[in-house]
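# Examining the three-dimensional arrangement
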Amino acid sequence: MLPLPLNLASAVEASYAPPEGASRNPLNRADALWAQARMRELGFYGIDGEGVWGPASRDALRDFRAMNGLPADDAWDAATEQALTGIAPIRAAQTFIGGFAASAAECSTGTAGQPPITLGSRRAEAFGGICNFDDVQRDAANPSVWRARGQCTANGETWLANVRLTVRPNAVVWSSERGSTTYHRCR
């Protein structure tokens, strides 16, 4: 059998129907670019959109959903689309999501010039240590406070942690059984 010639100019991009109640599906390149641009505008997606709905997009969507009162998963649905297009979605800067450092001068000292501390809805990474969160909840009495439970590992030691994250202008305060530290928000 002879191989068929591939004419890239005539290749047609697959089209995926949106979920019920939604008008977009991020598996479609144009919809992925739109979602990535919107999540970048809101501070949840840290790179320029490439139109591929991959791991970085899914992580950003999980963070967006968790911070906006939706289930903390990467499911695209009508509620997610509505929250992204809404008048007042919660921005990453209003939460603990993002890159942090002990001071503004240290913001580019992490890997590849990134902030050395990364906080997300499912995990925190800093200086070789990782905390995987099982549960993150916003404090009903104080909307600038988030509580997270999880397992942390650093320097060969593993422990369970109850973390309180207090959002301040351009900073977040991490408090746990091991003490309290204020981190500067980068960018």
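Preceding this paragraph is the structure being described.
Residues numbered from 1 in each chain as written. Predicted model: local features only at pLDDT ≥ 70, side-chain atom pairs only at ≥ 80, totals over all residues. Heavy atoms only, no water.

### Focus on helix 1 (residues 29-41)
Relative to the 18 Å expected for 13 residues at 1.5 Å per residue, helix 1 spans 18 Å between its end C-alpha atoms, a close match to the ideal helical length. All of the buried residues in helix 1 are Asp 31, Ala 32, Ala 35, Gln 36, Arg 38 and Met 39. Buried residues in helix 1, looked at end-on, bunch into an arc of 165°, giving them a common side. Gly 43 sits one or two residues past helix 1 and shows a positive phi near 90°. (Helix = DSSP H or I, 4+ residues; strand = E, 2+ residues; numbered from the N terminus. Expected span 1.5 Å × (residues − 1). Buried < 20%, exposed > 50% of the residue type's maximum accessible area, 1.4 Å probe, protein only. Arc of directions from axis to C-beta.)

### Quick notes on the state of the cysteines
Under the counting rule described, the total for this entry stands at 2 disulfides. Across the disulfide from Cys 107 sits Cys 186; the S-S distance is 2.0 Å. Its torsion about the S-S bond being -85°, the disulfide of Cys 107 and Cys 186 is classed as left-handed. Here Cys 107, found in the loop between strand 1 (98-101) and strand 2 (117-119), pairs with Cys 186, found in the segment after strand 8 (179-185); they are 79 residues apart in sequence, far enough to count as distant. Like Cys 107, the residue Cys 186 is buried in the burial classification. With its sulfur 1.9 Å from that of its partner, Cys 131 forms a disulfide with Cys 152. Disulfide Cys 131-Cys 152: the torsion about the S-S bond is 110°, which places it as right-handed. Taken together, the positions of Cys 131 in strand 4 (residues 129-138) and Cys 152 in strand 5 (residues 145-154) put the pair 21 residues apart, joining distant regions of the chain. Of the two residues examined, Cys 131 and Cys 152, each falls in the buried class. The connectivity of the disulfide bonds within the protein can be written as 1-4, 2-3, using the sequence rank of each bonded cysteine. (Disulfide = S-S within 2.5 Å.)

### Examining the pattern of salt bridges
Think of it this way: side chains of opposite charge can pair up when their charged atoms draw near. Tallied over the full model, the rule gives 12 salt bridges. As a salt-bridge pair, Asp 77 and Arg 65 come within 3.3 Å of each other at their nearest N and O atoms. Placement of Asp 77 in the loop between helix 2 (55-67) and helix 3 (78-85) and of Arg 65 in helix 2 is noted, with a sequence separation of 12 residues between them. On the basis of relative accessibility, which here comes to 26%, the residue Asp 77 falls in the partly exposed class. Of the charged contacts in the structure, one is a salt bridge between Arg 147 and Asp 139, with a shortest N-O distance of 3.1 Å. Using a relative accessible area of 39% as the deciding quantity, one classes Arg 147 as partly exposed. The buried category is assigned to Asp 139, whose relative accessible area is 17%. Here the salt bridges do not stand alone but share partners, grouping Arg 58, Asp 59, Arg 62 and Asp 74 into one network. (Salt bridge = Lys/Arg side-chain N within 4 Å of Asp/Glu carboxyl O.)

This is a description of form; function is not addressed.
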